[in-house]
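For reference, the chains in residue letters:
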Amino acid sequence: MPAKIMRFESRYNPETGGYRPRLRAQEDYGSVEVEVGRLWYAMVLLLRPKFVLETGTYFGYSTCMIAAGLRDLGDDRLVTTIDPEERDHLWMGTRLAPYVRWIKARSQDAAEELAGSKFDLLVLDSDHHYNTIIDELRLYEPMLRKGGCILLHDTLFFDGVGAAVKQLQNNPKFEVVTLPSPRTHGDLRGRKPGVTIVRKIREKGPAIAFERQYDGLFVGNPHEPALLRRGGRPGDKPSAE
Ligand SMILES: C[S@@+](CC[C@H](N)C(=O)[O-])C[C@H]1O[C@@H](n2cnc3c(N)ncnc32)[C@H](O)[C@@H]1O
């Protein structure tokens, strides 16, 4: 791993799942936890994708984890990452840079530029409103090859993303598993972000639809268990994780 990325990881506080800032007082929760970054790296080694699409670049920590996996696999591989905000990206000036293409746009606006592309892996981690994640799934899932996977972060924190995952769970095109992830934000009783791994097992099946009941959904009620953990089957009890 390039020294620049290791320095970034050294600011991680495993107690809270945040990153200690250099100048500001508050920890930053914008990047995925180091444990999740390492999971993304391992998933790339496991699935051996050639082309990866990521939404939500931020400073590029998750992008670097994906790019490190692509570089370790060898051959021509690329992660395309989409974010409208320009930041001091972590891959710049490192040997990971040739494996990354950044598109400065909202994910909803970049699809035209990517028309005709095929991806082996989607990593969706942008603004976490239901409307955005559904737009992303509707635009980019058709570009995912059969057998390819979708990785999502924050599915147990933001009910907007959880609602979209619920739809994928009910769609026979996909198999889905959701796991807790370690970030506590300093509140041990609060929700943890969580990760969801989705595999596209069939090409044909119901299209992903916008469900009006979730219009505008973002965090939901943070004092309740996450939407994805509020049952769904008769007799299910809510679980914090
Ligand atoms: C949670 S951060 C991404 C963290 C990053 N995946 C990581 O772990 O290092 C969310 C990012 O999504 C970006 N974003 C917000 N709305 C977006 C949209 N419509 N399309 C793409 N990116 C968006 C924000 O600018 C922000 O950088």
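Just above, that's the structure.
None of these values were measured; they are calculated from a predicted model.

**Q** How should the overall build of the protein be read in this particular structure?
**A** Helix and strand counts for the protein stand at six helices and nine strands. In terms of overall dimensions, the protein has C-alpha extents of about 50 × 45 × 30 Å along its principal axes. Counting all 241 residues of the protein, 51% fall into the buried class. For the protein, the proportion of contacts with a sequence separation of at least 24, taken over those separated by at least 6, is 71%. Only carbon and sulfur atoms are counted for the fraction: they give 51% of the accessible area of the protein, which is about 11,800 Å². Considering the protein, the positive charge centre built from 35 side chains and the negative charge centre built from 33 side chains are found 4 Å apart.

**Q** Looking at this model, I keep getting lost on the sheet that holds strand β6 (residues 119–124). Mind explaining?
**A** Backbone hydrogen bonds hold the strands of a sheet together, and the pairing may be parallel or antiparallel. Spatially, the seven strands line up as an open sheet ordered β5-β4-β3-β6-β7-β9-β8, and their pairing is mixed. With partners counted over all chains shown, the strands left at the sheet margins are β5 (100–103) and β8 (174–179), one partner each. Going across the sheet, the axis of each strand differs from the next one's by a mean of 15°, ignoring polarity. Across five bridges, strand β3 (residues 51–55) lies against strand β4 (residues 78–82) in parallel orientation. Across the sheet, Phe51 pairs through a bridge with Leu78, a residue of β4. Of the strands in this sheet, β6, β7 (144–153) and β9 (195–200) touch helix α2 (residues 34–47), which is tilted by about 170° from β7.

**Q** I keep staring at the side chain of Thr16 and nothing clicks. Help me out?
**A** If you trace the backbone, Thr16 turns up in the loop between β1 (12–13) and β2 (18–19). Ignoring any residue separated from it by four or fewer positions in sequence, one finds Thr16 in contact with Glu27, Tyr29, Arg183, Thr184, His185 and Gly186.

**Q** I keep staring at the packing of α2 against helix α3 (residues 61–73) and nothing clicks. Help me out?
**A** What describes two packed helices is the angle between their axes and the distance between those same axes. Interaxial distance between α2 and α3 falls to 8 Å at its minimum, and their mutual angle equals 30°. Relative to α3, the element α2 is oriented roughly parallel. The crossing of α2 and α3 is right-handed. Of α3, the residues touching α2 (which contributes Val34, Gly37, Arg38, Trp40, Tyr41, Val44 and Leu45) are Tyr61, Ser62, Met65, Ile66, Ala68, Gly69, Leu70, Asp72 and Leu73.

**Q** Looking at this structure, how should I read the site of the ligand?
**A** In the vicinity of the ligand, 20 residues are found, and the nearest of them are Val32, Ser62, Asp83, Arg87 and Ser107. Tyr61 places a polar main-chain atom, nitrogen or oxygen, 3.5 Å from an oxygen atom of the ligand. For the ligand, a nitrogen atom lies 2.8 Å from a polar atom in the backbone of Ser107. Isolated, the ligand exposes 610 Å² of accessible area, and the fraction of that covered by the protein chains is 88%. When contributions to the shell around the ligand are tallied by element, the ones reaching two or more residues are α3 and α4 (107–110). Split into classes, the residues belonging to the shell around the ligand amount to five nonpolar, eight polar and seven charged.

**Q** Can you walk me through the pattern of salt bridges in this structure?
**A** Pairs can form between side chains of opposite charge whenever their charged atoms are close. Counted under the stated rule, the structure contains 14 salt bridges. In this structure, Lys200 engages Glu203 in a salt bridge whose closest nitrogen and oxygen atoms are separated by 3.3 Å. Assessed through its relative accessible area of 1%, Lys200 is described here as buried. For Glu203, a relative accessible area of 41% puts it in the partly exposed group. Glu224 is the partner of Arg230 in a salt bridge, and the nearest nitrogen-oxygen pair spans 3.2 Å. Among the residues examined, Glu224 registers a relative accessible area of 35% and is labelled partly exposed. In this structure, a network of salt bridges that share partners links the residues Glu141, Lys173, Lys200 and Glu203.

**Q** Help me understand helix α6 (residues 159–169) in this model?
**A** Side chains of residues three or four places apart in an α-helix project in the same direction, reflecting 3.6 residues per turn. Of all eleven residues in α6, ten are buried, a share of seventy percent or more. Among the residues of α6, Asp159, Gly160, Val161, Gly162, Ala163, Ala164, Val165, Lys166, Gln167 and Leu168 are the ones counted as buried. Buried-residue contacts for α6 involve α5 (130–140), β7, β8 and β9.

**Q** Would you mind going over unusual backbone geometry with me for this structure?
**A** One non-glycine residue, Arg48, lies in positive phi territory at about 55°. In this structure, Arg48 sits in the loop between α2 and β3. A positive phi angle, near 65°, is found at Asp75, a position not held by glycine. Assignment of secondary structure puts Asp75 in the loop between α3 and β4. By relative accessible area, Asp75 is classed as exposed at 59%.

About the cut-offs
- Chains are numbered independently. Their residues run from 1 in the order of the written sequence.
- Local features in this predicted model are restricted to residues whose pLDDT is 70 or higher, and side-chain atom pairs enter the listing and the counts only when it is 80 or higher, whereas totals over whole chains, interfaces and linings include all residues.
- Hydrogen atoms and water are omitted, and side-chain values are computed over all heavy atoms in the structure.
- A run of H or I in DSSP counts as a helix once it spans at least four residues, and a run of E counts as a strand once it spans at least two, with each numbered from the N terminus.
- Throughout this description, buried means an accessible area under 20% of the type-specific maximum (1.4 Å probe, protein chains only), exposed means over 50%, and partly exposed covers the range between.
- Here a residue-residue contact requires only that any non-hydrogen atoms of the pair lie within 4.5 Å.
- In these tables, accessible area is a Shrake-Rupley quantity obtained with a 1.4 Å probe, and a residue counts as shielded only by the protein chains included in the view.
- All tallies of charge rest on Lys and Arg as positive and Asp and Glu as negative; His and the ends of each chain are not included.
- A charge is said to be at NZ when it belongs to Lys, at CZ for Arg, at CG for Asp and at CD for Glu.
- Two strands pair if DSSP finds at least two bridges between them.
- Angles shown run from 0 to 180 degrees and are taken between the N-to-C directions of axes, each axis being a line fitted to C-alpha atoms and, for helices, limited to the stretch in contact.
- By definition in this entry, angles of less than 35 degrees are roughly parallel, angles greater than 145 are roughly antiparallel, angles of 65 to 115 are roughly perpendicular, and the rest are oblique.
- Here is the rule for handedness: rotate from the far helix to the near one, and if that takes an anticlockwise turn smaller than a right angle the crossing is left-handed, while a clockwise turn gives right-handed.
- Put simply, a residue is near a molecule or strand once any heavy atom of it comes within 4 Å of that molecule or strand.
- The term polar contact refers here to a pair of N or O atoms within 3.5 Å; inside protein, the definition further demands a hydrogen-donor-capable atom paired with an acceptor-capable atom, and it admits residues adjacent in sequence only when both atoms are side-chain atoms.
- Basically, the charged four are Asp, Glu, Lys and Arg, the nonpolar ten are Ala, Val, Leu, Ile, Met, Phe, Trp, Tyr, Cys and Pro, and anything else, Gly included, counts as polar.
- Any carboxyl oxygen of Asp or Glu within 4 Å of a side-chain nitrogen of Lys or Arg constitutes a salt bridge here.

In short, shape yes, function no, at least from these values alone.
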